[in-house]
Amino acid sequence: MIIKPKVRGFVCTTAHPQGCIAHVNEQIEYVKNNKPAGEGPKNVLVIGSSTGYGLASRIVSAFGYGAKTLGLFFEKEPTEKKPGTAGWYNNRGFEIAADEAGLWNKSINGDAFSNQAKEDAIKIIKEEMGKIDLVVYSLASPRRQDPETGKVYKSVLKPIGEAVTEKTLNTDKGLVHDISIDPASDEDIQNTIKVMGGEDWELWMKALDEAGVLADGVKTTAYTYIGKKLTWPIYGHATIGKAKEDLDRASHAIHEKLQEKYNGTANVSVLKAVVTQASSAIPVMPLYISLLYKVMKENGVHEGPIEQIYQLIVNQMFGDDATYDDTRRFRVDLKELDDKIQGEVERLWDIATTENIDEISDYKGYQHEFFKLFGFEVDGVDYDKDTSPIV
């Protein structure tokens, strides 16, 4: 079939297999061309490994250090008549490249929140890997089913206390407009914490500990975003912000246990804003990222997921260049938060309109990165060629 992008709202409902694989290979080449020196992880579990920062974590671990990697994700596989999800093809791209390089890898496609996923992962670790020395928690899901009660919780993106009206960018039509968001209820807040907080990370680390599959000196991290003034109304001072506070709580609880038993560590890692399937869904973020990309590119400090994760794992977690904040979070977002960068983004934000968005922002770059997430607009791929959706 000829596979073309079909966009509905902030989601592309198709994915191109060869484009996704080529995009993964671009990231692999970056790591190969910047081979890290020194020791790194040997046995890595990535929970949420098929897109964005989770995928980048698996690539850096495997192709940077030759680590065995076990990846978990929830993706839809293709049929003869319909393409699979981008994450499905990303994972196949990773597996194909890892197999060719002689790197051990296995993947579990299922609900990472479930007890079954934990049992399946532990079985593979015991039989085929050896003890885990790095656990990356990188799940981005709008819903979670509690593995004990079976209750399903759904997260919401809402401010707390009072309604918020902010600018946003309709990426379908290139329209800059105001969006008003009603405040969250107490139930909204608790549900979002259940989905996006630290409870499941704790359950994973507890299960791995009780199964005896954690190595001495084990490190674990979960990813977060903080941002600054422009994103605080919908990110920091909002339901997501409360979930991120719970992630910090979980980090300290896990760290205490790992320190005591394994001399291990648990840290939240704060990463910069990038175009991902998750960030595309958050009001304010498409406009903010479009402006941010322009300013950071002009200042020569722009980075994507693979550069960010390379810095985190190679330089901070397994290197001697760690940057912590006062809550023991790794900070890889400081270039974004630089006063000069933020000041210029705020200036552009105030004057942004539908008429000038192409001129004052990197809206075209945002769109390009968005389509690349789904395997489109990748160099070297013939999109007019008849392509099987099966890989």
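Data block above holds the structure.
Residues numbered from 1 in each chain as written. Predicted model: local features only at pLDDT ≥ 70, side-chain atom pairs only at ≥ 80, totals over all residues. Heavy atoms only, no water.

**Here's the deal with the overall build of the chain**
The cut-off we apply is this: Only DSSP runs of H or I with at least four residues qualify as helices, and only runs of E with at least two residues qualify as strands; both kinds are numbered from the N terminus onward. Just to be clear, the radius of gyration here is over C-alpha atoms, and the globule rule we use is 2.2 Å times residues to the power 0.38. Between buried and exposed lies partly exposed: a residue is buried under 20% and exposed over 50% of the maximum accessible area for its type, with that area taken using a 1.4 Å probe on protein chains only. Contact definition: two residues touch when any of their heavy atoms are within 4.5 Å.
On a plain count of helices and strands, the chain comes out with 13 helices and 13 strands. Over its C-alpha atoms the chain spans a radius of gyration of 20 Å, differing by no more than 12% from the 21 Å that the globule rule assigns to 391 residues. Along the three orthogonal principal directions, the C-alpha set of the chain runs to about 60 × 50 × 45 Å. Looking at the chain as a whole, 55% of its 391 residues are labelled buried. Intrachain contacts of the chain at a sequence separation of at least 6 include 77% that bridge at least 24 residues.

**Some words on the environment of Ala184**
Relative to the assigned elements, Ala184 resides in the loop between β10 (175-181) and α5 (186-196). Sequence-distant contacts of Ala184, that is, excluding residues within four places in its chain, are made with Lys158, Pro159, Ile189 and Thr239.

**Things to note about the packing of aromatic side chains**
The condition is simple: Stacked, tilted and edge-to-face are the three classes assigned to paired rings of Phe, Tyr and Trp, where Trp is represented by its six-membered ring and a pair needs centres within 6.5 Å; plane angles under 30 degrees give stacked, over 60 edge-to-face, the rest tilted. Here, a charge over a ring means that NZ of Lys or CZ of Arg falls within 6 Å of the ring centre while also lying within 35 degrees of the ring normal.
Inspection of the entire model under this criterion finds 9 aromatic pairs. Relative to Tyr310, the ring of Tyr30 lies with its centre 5.9 Å away and its plane at 85°, an arrangement referred to as edge-to-face. Of this pair, Tyr30 sits in helix α1 (residues 17-33) while Tyr310 sits in helix α9 (residues 305-317), and the two are 280 residues apart along the sequence. On the basis of relative accessibility, which here comes to 26%, the residue Tyr30 falls in the partly exposed class. Under the relative-accessibility criterion, Tyr310 is labelled buried at 13%. An aromatic cluster is present here, built from Phe370, Phe371 and Phe374 joined pairwise through their rings. One Lys or Arg, Lys68, reaches over the ring of Trp104 and ends 5.9 Å from the middle of that ring. In this arrangement the basic side chain of Lys219 is found over the ring face of Phe318, its NZ or CZ atom lying 5.3 Å from the centre.

**Quick word on the pattern of salt bridges**
What counts is decided by this rule: Only one rule defines a salt bridge in this text: a Lys or Arg side-chain nitrogen within 4 Å of an Asp or Glu carboxyl oxygen.
If you walk through the whole model with that rule in mind, you get 28 salt bridges. In this structure, Lys42 and Glu39 form a salt bridge, with 3.3 Å as the shortest nitrogen-oxygen distance. Assigned by exposure class, Lys42 and Glu39 land together as exposed. With a closest N to O distance of 3.2 Å, Asp200 and Lys118 form a salt bridge. With a gap of 82 residues between them, Asp200 in helix α6 (residues 199-210) and Lys118 in helix α4 (residues 115-129) connect regions that are remote in the sequence. Classification of Asp200 by relative accessible area gives buried; the value is 2%. For Lys118, a relative accessible area of 4% gives the class buried. The network of salt bridges with common partners includes Asp248, Asp325, Arg329, Arg331 and Asp333.

**Some words on the nonpolar core**
Note the cut-off: Within this scheme, the nonpolar core is defined by two criteria: the residues are buried Ala, Val, Leu, Ile, Met, Phe, Trp, Tyr or Cys, and they are joined through side-chain atoms within 4.5 Å.
Counting residues in each nonpolar core, the largest one holds 78 residues, and the members touching the most others are Ile59, Phe63, Tyr288 and Ile309. With 9 residues, the single largest contributor to this core is helix α8 (residues 285-298). Sequence-distant contacts of Tyr288, defined by excluding residues within four places in its chain, comprise Tyr225, Leu230, Thr231, Ala273, Glu336, Gln342, Val345 and Trp349. Within the second largest apolar cluster, 33 residues are counted, among which are Ile125, Met205, Ala250 and Val268.

**Focus: the packing of α1 against helix α3 (residues 86-100)**
Any two packed helices are characterised by the angle at which their axes cross and by the distance between the axes. To keep things clear, this is the line we draw: Angles run from 0 to 180 degrees between N-to-C directions of axes, and those axes are lines fitted to C-alpha atoms, restricted for helices to the stretch in contact. Throughout this description, any angle smaller than 35 degrees is read as roughly parallel, any larger than 145 degrees as roughly antiparallel, any in the 65 to 115 degree range as roughly perpendicular, and the remainder as oblique. A clockwise turn of the near helix away from the far one marks a right-handed crossing, whereas an anticlockwise turn of less than a right angle marks a left-handed crossing. Each residue gets one of three labels, nonpolar for Ala, Val, Leu, Ile, Met, Phe, Trp, Tyr, Cys and Pro, charged for Asp, Glu, Lys and Arg, and polar for the others, Gly among them.
At a minimum axis separation of 8 Å, α1 and α3 run at an interaxial angle of 55°. The orientation of α1 with respect to α3, classified from their angle, is oblique. Every pair of crossing elements has a handedness; the one defined by α1 and α3 is right-handed. From α1, Pro17, Cys20, Ile21, Val24, Asn25 and Ile28 reach across to α3, where they touch Ala86, Tyr89, Asn90, Gly93, Phe94, Ile96 and Ala97. Among the residues forming the contact of α1 with α3, the class breakdown is 10 nonpolar, 3 polar and no charged.

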